[in-house]
Amino acid sequence: MKIKKGFAKREIAGSNIVVPVGKNSLDFNAMITLNDTGSFLWDAFQKDITVDEAVSLITSEYDVDPDTAKRDIEKFVSLLQDNNLFE
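So, here's what we can say about the structure. The structure displayed is predicted, hence computed values, not measured ones. (Residues numbered from 1 in each chain as written. Predicted model: local features only at pLDDT ≥ 70, side-chain atom pairs only at ≥ 80, totals over all residues. Heavy atoms only, no water.)

### Section: the overall build of the chain
- The secondary structure content of the chain amounts to four helices and three strands.
- In sequence order, the secondary structure elements of the chain are arranged as β-β-α-β-α-α-α.
- C-alpha atoms of the chain, sized along the principal axes, occupy 40 × 30 × 20 Å.
- A burial count over the chain gives 33% of its 87 residues as buried.
- For the chain, the proportion of contacts with a sequence separation of at least 24, taken over those separated by at least 6, is 45%.
- By element, 48% of the accessible surface of the chain is carried by carbon and sulfur atoms, the whole surface being about 5,700 Å².
- Treating the 10 positive side-chain charges of the chain as one cloud and the 15 negative ones as another, the clouds have centres 8 Å apart. (Helix = DSSP H or I, 4+ residues; strand = E, 2+ residues; numbered from the N terminus. Buried < 20%, exposed > 50% of the residue type's maximum accessible area, 1.4 Å probe, protein only. Contact = heavy atoms within 4.5 Å. Areas by Shrake-Rupley, 256 points an atom, 1.4 Å probe, with all protein chains shown as cover. Lys, Arg positive; Asp, Glu negative; His and termini not counted. Charge placed at Lys NZ, Arg CZ, Asp CG, Glu CD.)

So this is what it looks like as structure tokens:
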């Protein structure tokens, strides 16, 4: 899975914000606010990785067990898929 091109993540006033750029701003006219974990995952999904690879990355960065990490990542992925944010 890989995040579509045409979205920019910026830190604004201490918040991680994702906004559409270019033609994506015509189809997706909103912005996304990410917590630190969401921002970490957003960056990870800039490359084409699997959920299992994301679990490995998250568990090496945060103090979380693999089952909880997988469940939370699957929820995050589902939200991104529901909003057509993956290639």
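Next comes the rest of the write-up.
### Structural notes on the layout of surface pockets
- Put simply, the largest pocket is a space of about 190 Å³.
- If you trace the largest pocket, you find 14 residues lining it, with T37, G38, L41, D72 and I73 closest to the centre.
- Elements that contribute at least two residues to the lining of the largest pocket include exactly α2 (36-44) and α4 (66-82).
- Among the elements that make up the lining of the largest pocket, the one with the highest residue count is α4 (seven residues). (1 Å grid on protein atoms, 1.4 Å probe; cavity = no way out; pocket = protein on both sides within 12 Å on 5 of 7 lines; lining within 4 Å. Points joined across faces, edges and corners; volume = space filled by probe spheres on them.)

### What about α2?
- All buried positions along α2 are accounted for by G38, S39, L41, W42 and A44.
- Looking at the buried positions of α2, the neighbouring elements they touch are β1 (7-12), β2 (15-20), β3 (32-34), α3 (51-61) and α4.
- Where α2 begins, the side chain of N35 points an oxygen toward the backbone nitrogen of T37, at a separation of 3.1 Å. (Polar contact = N/O pair within 3.5 Å; in protein donor to acceptor, adjacent residues only side chain to side chain.)

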